[in-house]
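# Examination of the molecular architecture
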Amino acid sequence: MEIKFKGMLLVMLVADQLRLANGVSPCAGRVEIYHDGQWGTVYGYGSGGRGWDMKAVAVVCKELGCGAALSASADAHFGEGSGPIVTYYVQCRGTESTLRACESQTWGHYSMWYSHSYDAGVICSDRLRLVNDDNPCAGRVEVFYDGQWGTVVGSGSGGSGWDMADAAVVCKELGCGAALSASGVAHFGRGSGPVVTYNVQCKGSESALKECPSGSWGHYSWLSHSYDTGVICTGKRWHLRLESGGSRCDGRVEIYHDGTWGRLLDDSWNVSDADVICRQLNCGSVISIYNFSQYGEGTGPVWINNVQCVGTETHIWNCPLSTVASPSRSSSDVGVLCSDHKQLRLVDGGSSCSGTVEIYRNGNWSRVQDQFWDLYDANVVCRQLACGAAITAYSSPSYREDKRSRWLKDVQCQGSESHILKCKPSRLNQSIRNMSDVGVQCSSE
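### Quick look at the overall build of the chain
Looking only at helices and strands, one finds five helices and 30 strands in the chain. For the chain, the proportion of its 445 residues judged to be buried stands at 48%. Of all intrachain contacts in the chain linking residues separated by at least 6 positions in sequence, the fraction that spans at least 24 positions is 68%. Of the accessible surface of the chain, which amounts to about 21,200 Å², a share of 48% is contributed by carbon and sulfur atoms.

### A short note on the nonpolar core
What tends to happen in soluble globular proteins is that the nonpolar side chains get buried as a cluster. In this structure, Val-253, Ile-255, Leu-264, Trp-269, Ile-277, Ile-316 and Val-336 are the most contacted members of the largest nonpolar core, which totals 24 residues. When contributions to this core are tallied by element, the ones reaching two or more residues are strand E15 (239-247), strand E16 (250-257), helix H3 (271-280), strand E19 (302-304) and strand E22 (332-338). It is H3 that contributes the most residues to this core, four residues altogether. With sequence-adjacent residues up to four places away left out, Trp-269 is seen in contact with Val-253, Leu-264, Ala-274, Ile-277, Ile-289, Tyr-290, Val-307, Val-334 and Gly-335.

### Here's the deal with the state of the cysteines
Here the structure, examined in full by the defined rule, presents eight disulfides. Covalent S-S linkage joins Cys-202 and Cys-212, the inter-sulfur distance amounting to 2.1 Å. As the torsion about the S-S bond is roughly 105°, the Cys-202-Cys-212 disulfide counts as right-handed. One end of the pair, Cys-202, is in the loop between strand E13 (195-198) and strand E14 (230-233); the other, Cys-212, is in the loop between E13 and E14, with 10 residues separating them in the sequence. Residue Cys-202 shares its accessibility class with Cys-212, and that shared class is buried. In this model Cys-278 forms its disulfide with Cys-338; the gap between the sulfur atoms is 2.1 Å.

### Thoughts on the environment of Arg-19
Structurally, the position occupied by Arg-19 is in strand E3 (residues 17-21). In sequence terms Arg-19 and Gly-29 are 10 residues apart; their C-alpha atoms lie 8.4 Å from each other. When sequence neighbours within four positions are dropped, the list of residues in contact with Arg-19 reads Arg-30, Val-31, Glu-32 and Trp-39. Among the polar contacts made by the side chain of Arg-19, one reaches the side chain of Glu-32 at a distance of 2.7 Å.

### With respect to the pattern of salt bridges
One pass over the full model with this rule turns up 15 salt bridges. Of the charged contacts, one joins Arg-367 and Glu-358 as a salt bridge, the two residues approaching to 2.8 Å between their closest N and O atoms.

### Remarks on unusual backbone geometry
Positive phi is not limited to glycine here, since Ala-76 has a value of about 55°. By the secondary structure assignment, Ala-76 is in the loop between strand E6 (69-73) and strand E7 (85-88). Even without being a glycine, Tyr-89 presents a positive backbone phi close to 50°. Using a relative accessible area of 21% as the deciding quantity, one classes Tyr-89 as partly exposed.

### Details of H3
Side chains of residues three or four places apart in an α-helix project in the same direction, reflecting 3.6 residues per turn. With seven of its 10 residues buried, H3 lies for the most part within the structure. All of the buried residues along H3 are Asp-273, Ala-274, Asp-275, Val-276, Ile-277, Cys-278 and Gln-280. At its buried positions, H3 is contacted by E15, E16, strand E17 (260-266), strand E18 (286-291), strand E20 (306-307) and E22. Between the side-chain oxygen at the start of H3 and the backbone nitrogen of Ser-272 there is a gap of 3.1 Å, and the oxygen is on Asn-270.

### Describing the packing of aromatic side chains
Across all of its chains, the model carries eight aromatic pairs by this definition. Ring geometry for Tyr-198 against Tyr-220: centres 5.5 Å apart, planes inclined by 85°, an arrangement best described as edge-to-face. A residue pair is termed long-range when its members are at least 10 positions apart, and Tyr-198 in strand E13 and Tyr-220 in the loop between E13 and E14 qualify at 22 residues. Exposure remark for Tyr-220: the relative accessible area of 15% places this residue in the buried category.

### Things to note about the pairing of strand E30 (residues 436-442)
Among the seven residues in E30, six count as buried, and that is most of the element. Note: strand E26 (residues 390-396) against E30, six bridges, orientation antiparallel. Each bridged residue has a counterpart across the sheet, and for Ser-395 the counterpart in E30 is Val-438.

### Some thoughts on the environment of Ser-111
Residue position: Ser-111 is located in the loop between E7 and strand E8 (121-124). Spatially, the C-alpha atom of Ser-111 lies 9.9 Å from that of Thr-41, the residues being 70 residues apart in sequence. Setting aside residues no more than four positions away along its own chain, Ser-111 makes contact with Pro-84 and Ile-85.

### Notes on helix H2 (residues 164-173)
Burial analysis of H2 places seven of its 10 residues in the buried class, which makes it a mostly covered element. Buried-residue contacts for H2 involve strand E9 (128-131), strand E12 (179-183) and E14. You can read the cap of H2 off the contacts: a side-chain oxygen lies 3.2 Å from the backbone nitrogen of Ala-165, and it is on Asp-163. One or two residues past the end of H2 sits Gly-175, with phi positive at roughly 65°.

### As for the confidence of the model for the chain
Scored by pLDDT, the chain has a mean of 80; 84% of the residues are at 70 or more. When mean pLDDT is taken per element in the chain, E13 scores highest with 93 and strand E2 (residues 9-13) scores lowest with 32. Contacts from residues 1-15, a stretch scored under 50 in pLDDT, to residues over four places away or in other chains number 17 contacts.

Cut-off values and rules
- Residues numbered from 1 in each chain as written.
- Predicted model: local features only at pLDDT ≥ 70, side-chain atom pairs only at ≥ 80, totals over all residues.
- Heavy atoms only, no water.
- Helix = DSSP H or I, 4+ residues; strand = E, 2+ residues; numbered from the N terminus.
- Buried < 20%, exposed > 50% of the residue type's maximum accessible area, 1.4 Å probe, protein only.
- Contact = heavy atoms within 4.5 Å.
- Areas by Shrake-Rupley, 256 points an atom, 1.4 Å probe, with all protein chains shown as cover.
- Core = buried A, V, L, I, M, F, W, Y, C linked by side-chain atoms within 4.5 Å.
- Disulfide = S-S within 2.5 Å.
- Polar contact = N/O pair within 3.5 Å; in protein donor to acceptor, adjacent residues only side chain to side chain.
- Salt bridge = Lys/Arg side-chain N within 4 Å of Asp/Glu carboxyl O.
- Phe/Tyr/Trp six-rings, centres within 6.5 Å; stacked < 30°, edge-to-face > 60°.
- Pairing = 2+ DSSP bridges.
- pLDDT = per-residue confidence, 0-100.

Next up, the structure:
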């Protein structure tokens with residue numbers, strides 16, 4: 001911190017601040033650094049001593065006063081940042097007091113050279129951790145209170161027992177996905193410290209265990225550890241993909257768990273749910289949602305049968321959901337088309353930047369047809385495909401004899417639009433009989 005005096009005014013200039021963004025608690029999230037007047041991220045990709053690891057996470061947690069390091073991620077687990085990348089190849093010993101003290105590449109703004117797909121993230125213990133299991137997202141629940149780690153007692157019945165709603169909050173706070181199991185009988189062994197609280201009654205929507213109604217937090221050394229609580233969360237063992245569509249950003253939603261790809265079924269699938277899927281897969285935002293009739297019925301076990309997202313979550317695991325594999329009769333496989341799906345392509349032209357224009361609609365590629373296709377229209381296509389500017393716009397009536405599907409679109413672009421679907425319909429009277437397949441040749445051919 002640099003301190004300057006200007007008259008009677010004390011001015012403090014704070015440099016190189018650190019924060020965690022896009023997590024469910026102040027001690028979990030994407031690592032961001034305020035450097036040279038702008039927030040940026042840390043590039044975490046690497047191998048050996050160059051990759052983002054637990055030693056680096058330990059330093060971040062220590063600097064932020066967030067307790068012990070629980071997890072290190074270098075795959076934009078908490079979403080991709082939008083600012084510059086400040087540094088990369090961070091190599092901490094774990095004993096440093098600040099991230100700035102670790103060895104790394106020169107701090108700067110590397111916005112043009114590195115991808116945010118490898119933004120570094122951390123999960124720190126803060127006041128909560130899971131212990132006594134090889135999986136960091138499963139174990140006995142322990143909370144840090146008044147300078148000491150202790151357990152949570154889960155004995156009780158009805159509303160006073162440890163249940164899935166309580167486990168869901170623990171998993172969410174730790175960034176460990178959805179709850180798979182809740183136990184209140186020392187399933188992961190008895191703790192040795194005090195019991196910190198009991199009679200926890202979460203709704204499941206809370207972001208931290210401390211927000212749930214419970215007995216007063218303290219040190220209850222006389223309570224038995226026979227009923228210490230435990231949870232098993234989905235953690236990173238669960239993965240997501242879109243299958244049977246036109247790209248990785250289009251298709252039926254499938255979940256990978258315990259070595260098997262399975263199904264997500266839902267009877268109230270909506271845009272909010274689908275938007276989270278697109279965001280988690282770095283596929284932009286949702287364009288359309290579908291049931292199984294669009295992509296075919298899935299196979300394998302049902303891992304999730306209902307989700308209820310607000311739409312702002314970064315991962316589907318942060319949404320209220322059920323992992324009980326007993327869907328209702330009205331539940332079906334679900335699918336989504338995201339905005340980053342390649343909706344436009346050029347074919348039969350010898351390169352990806354030259355040829356006949358095809359658009360992806362309703363699960364199929366269709367030829368675009370127009371009667372008054374011109375360079376303004378072609379320029380938008382080239383821009384959308386990152387192929388530079390249009391050199392030639394042409395019509396190809398000879399292609400009309402094949403049996404490929406057609407999309408009759410009488411567009412009238414100004415040439416500055418970013419996407420062909422943003423062009424206005426033509427005001428000219430066009431005849432279907434005179435429609436032709438259209439093509440372009442772009443400058444980046």
